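# Descriptive structure summary
Next come the chains, spelled out residue by residue.
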Amino acid sequence: MAAMGDGSSRNEKDECMSKGNTVPANDRRKRRFRRWLKFSAITVALLLILTLVPLAFILYPTLKSYPKPPVQTAASQREGNMQDLAHLRHLPDVERSFTPETKAAFTQALSAIEQRAGDLDRAGLAMATAKAVALADNGHTNVVGLAGDRSFNAVPIRLGWFADGLFVVAAAEDQSHLLGGQVLGANGKATDALVEALRPYVGGPANLAKEFAPNFLISPELLHAAGLAETAGSSTYDLRLADGSIAPVELVAKPGSQGPQNTNFWPARDLSPVAQANATSGWRHVLDGVALPAYLSRPDSNYWHVYPLADLLYVQINRVRDQAPLDLSQYLSDMLDEAAKKPIRNAIVDLRFNNGGNYTLSADFGRRLPTLLPPTGRLFILTSGNTFSAAISTAAWLKYFGGARVTIIGETVGDRMQFWGEGGQTVLPNSKLAVRYTTGFHDWENGCSLSQLTSCFLLNYIYDVPAGSLKPSVAVKPTFADYVAGQDRALSIVMELLAADGNAG
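I will try to describe carefully the structure that is included in this document.

## Let's talk about the overall build of the protein
- Tallying secondary structure elements over the protein gives 15 helices and 20 strands in all.
- Scaling as 2.2 N^0.38, a compact globule of 505 residues should have a C-alpha radius of gyration of about 23 Å, whereas the protein reaches 32 Å, well beyond that.
- With the C-alpha coordinates of the protein rotated into their principal frame, the extents come out at 145 × 70 × 40 Å.
- By sequence separation, contacts in the protein at least 24 residues apart represent 68% of the contacts at least 6 residues apart.
- Charge separation in the protein, taken as the distance between the mean sites of 47 positive and 47 negative side-chain charges, equals 11 Å.

Below you can see the structure in the form of structure tokens.
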């Protein structure tokens, strides 16, 4: 009995051990799976951290927005100006074009403005802050909308630059005798001296500041705020009139017909007599009755094209922005499809009035157009001081992909090849002055390198090209005589070059 009992116990023990070994094996598999799952999750999390943290570090300065101003009321001019200046002090927190030196200079400039905050009217604050912001020395970083008749007063004439100087291109009906007059100076200062004195109020290269000078020169209150006029209500202009006589002409300003602006007005728009949106009646233009050259005929069309010759495409892109009824990228794509079915040998891309926009809209065009032209074809890019921002990008693509077939004709573009863009805008709470700030770097001469990963606009690693210089191969600016005769000197040079190499028609 005892022996039998011992055997039974051993069998039961072996059975239990066998069952015990089976259960832990299943548990081990489950534990291994859980460990693998946990390890995988940790690995994925680490990869995300290693990817997203640097990406956030790179993107944050680019996407960082300007802080909103606190809701406050101002009991006096001084208090309102001080609130505006306090808001403007945040600019170095988001503006990336500042160097340590220019940032310090900006801070010192604001402190100096605060000392006279109670004495500054809106024009005074506008010019003072414009001068401070322009210390960044970046074409996209400015107080925007500083222009006569756009929330600041203006005399009844409009001005335009030519190779031989500054001329009156438009005037109110009662001042139409001034049309065609050359502006030799104003308020006792020569035109060149005025341009030099206004230079510190616009960031970026000197030719950009010169492009904007007419906006200031027609506004006595802006000139007065800059110390360039004795009164804010009128200015005296020294004019060489159309008959050759020279006379001082005092013009009284009228209040601006438009409210605060959040975009820049480019005074070259006044070169076309085509009526502008919201324009007041009763004005005359020096080109009234003149057959307009193509480049002045459609200033408010963002893009259009024509075929001056059977084998020549001319396209004018005035803004790199969509416009109904067809988006820019689609319009340009359709145009290239159309041109591909024609015997196109040469092309002209006119960017003389293009102040920029969204550069991704013209990227494909910049690559595709050169592929349509034969190796012996010519691609002409027309530029001016108004060729700015995304227009520079467009010209860079065309030059890079067009290679030796490209000839740039006109004037130096309106910004350097390395500049800061992107960013956004803030509005000073009381004066409603708009300030443009920038967060993304561009280098259209050399292209962005990996060493610039924390500063270059990230899309540039997809889109930018090392285009080199955009200095015109043929420098030309129209004379006033060419202009009033309805001639386009740049286009004439294109036709002369095509005829010279037997590549026209």
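## Details of a nonpolar patch on the surface
- There is a patch of nonpolar side chains on the surface, built from F33, W36 and L37 and spanning about 360 Å² of accessible area.
- The residue L37 is located in helix α1 (residues 2–63) in this model.
- On the basis of relative accessible area, L37 is assigned to the partly exposed category, the value being 45%.

## Looking at the state of the cysteines
- In the structure shown here, the tally under the stated rule is 1 disulfide.
- One disulfide bridge connects C448 with C456, the sulfur atoms lying 2.0 Å from each other. A torsion of -85° about the S-S bond marks the disulfide between C448 and C456 as left-handed. Across the pair, C456 and C448 agree in class, each one buried.

## Notes on helix α4 (residues 100–115)
- Given a rise of 1.5 Å per residue, 16 residues ought to cover 22 Å, and the 23 Å separating the end C-alpha atoms of α4 matches this to within 8%.
- Where α4 is buried, its residues meet α2 (77–88), α3 (91–94) and α5 (122–133).

## Concerning the sheet that holds strand β20 (residues 474–475)
- Judged by pairing direction, the sheet is mixed, and its 6 strands sit side by side in the order β11-β12-β13-β14-β15-β20 without closing on themselves. The open sheet terminates on both sides in strands that have one partner only, identified here as β11 (303–309) and β20.
- As paired elements, β11 and strand β12 (residues 312–317) share 5 bridges and run antiparallel to each other. When the bridges of β12 are listed, L309 appears paired with L312.
- In the packing of helix α15 (residues 489–500) onto the sheet, contacts are made with β11, β12, β13 (346–350), β14 (378–383), β15 (406–410) and β20, and the angle to β14 comes to roughly 165°.

## Here's the deal with the packing of aromatic side chains
- Inspection of the entire model under this criterion finds 20 aromatic pairs.
- Their ring planes at 55° and their centres at 5.6 Å tell us that W304 and Y314 sit as a pair that is tilted. On the criterion of sequence distance, the pair formed by W304 in strand β11 and Y314 in strand β12 is long-range, its members being 10 residues apart. Exposure class is identical for W304 and Y314. Each is buried.
- One aromatic cluster in this structure is built from Y359, W397, W444, F457 and Y463.
- Here the basic side chain of R150 rests over the ring of F265, its NZ or CZ set 3.7 Å away from the ring centre.
- Sitting over the face of the ring of W161, K210 holds its NZ or CZ atom 4.6 Å from the ring centroid.

## What to know about unusual backbone geometry
- Here the bond from A324 into P325 is cis, since omega is 10°, no more than 30 degrees from zero.
- By the secondary structure assignment, P325 is in the loop between β12 and α10 (328–340).
- We note that D149 has phi near 75°; this positive angle belongs to a residue other than glycine.
- Position of D149 among the secondary structure elements: in the loop between β2 (147–148) and β3 (151–152).
- Residues other than glycine seldom take positive phi values, yet S151 does so here, at roughly 75°.

## Observations concerning the sheet that holds strand β17 (residues 424–427)
- Ordered by their spatial adjacency, 3 strands build an open sheet running β1-β18-β17, and the pairing between neighbours is antiparallel. Of all strands in the sheet, those with a lone pairing partner are β1 (143–144) and β17, marking the two edges.
- As paired strands, β1 and strand β18 (residues 434–437) are joined by 2 bridges and run antiparallel to one another. Of the residues in β18, the one forming a bridge with V143 is V435.

## Here we look at the nonpolar core
- F365 and Y483 are the most contacted members of the largest nonpolar core, which totals 127 residues.
- Contacts of Y483, omitting those with residues within four sequence positions, involve F162, V169, D270, L271, H285, V286, L287, Y295 and L296.

## Digging into the packing of α10 against helix α11 (residues 363–372)
- Running from N to C, α10 and α11 point in directions that differ by 5°, and their axes come no closer than 11 Å. The pairing of α10 with α11 is recorded here as roughly parallel in orientation. On the side of α10, the interface is formed by L332, S333, M335, L336, D337, A339 and A340, while α11 contributes F365, R368, L369 and L372.
- Split into classes, the residues belonging to the contact of α10 with α11 amount to 8 nonpolar, 1 polar and 2 charged.

Cut-offs and rules
Residues numbered from 1 in each chain as written. Predicted model: local features only at pLDDT ≥ 70, side-chain atom pairs only at ≥ 80, totals over all residues. Heavy atoms only, no water. Helix = DSSP H or I, 4+ residues; strand = E, 2+ residues; numbered from the N terminus. Rg over C-alpha atoms; globule rule 2.2 N^0.38 Å. Contact = heavy atoms within 4.5 Å. Lys, Arg positive; Asp, Glu negative; His and termini not counted. Charge placed at Lys NZ, Arg CZ, Asp CG, Glu CD. Patch = residues over 30% accessible without salt bridge, like charges linked within 9 Å, V, L, I, M, F, W, Y side chains within 5 Å. Areas by Shrake-Rupley, 256 points an atom, 1.4 Å probe, with all protein chains shown as cover. Salt bridge = Lys/Arg side-chain N within 4 Å of Asp/Glu carboxyl O. Buried < 20%, exposed > 50% of the residue type's maximum accessible area, 1.4 Å probe, protein only. Disulfide = S-S within 2.5 Å. Expected span 1.5 Å × (residues − 1). Pairing = 2+ DSSP bridges. Axes fitted to C-alpha atoms, helices over the stretch in contact; angles between N-to-C directions. Phe/Tyr/Trp six-rings, centres within 6.5 Å; stacked < 30°, edge-to-face > 60°. Lys NZ or Arg CZ within 6 Å of the ring centre and 35° of its normal. Core = buried A, V, L, I, M, F, W, Y, C linked by side-chain atoms within 4.5 Å. Parallel < 35°, antiparallel > 145°, perpendicular 65-115°, else oblique. Nonpolar A, V, L, I, M, F, W, Y, C, P; charged D, E, K, R; others polar.

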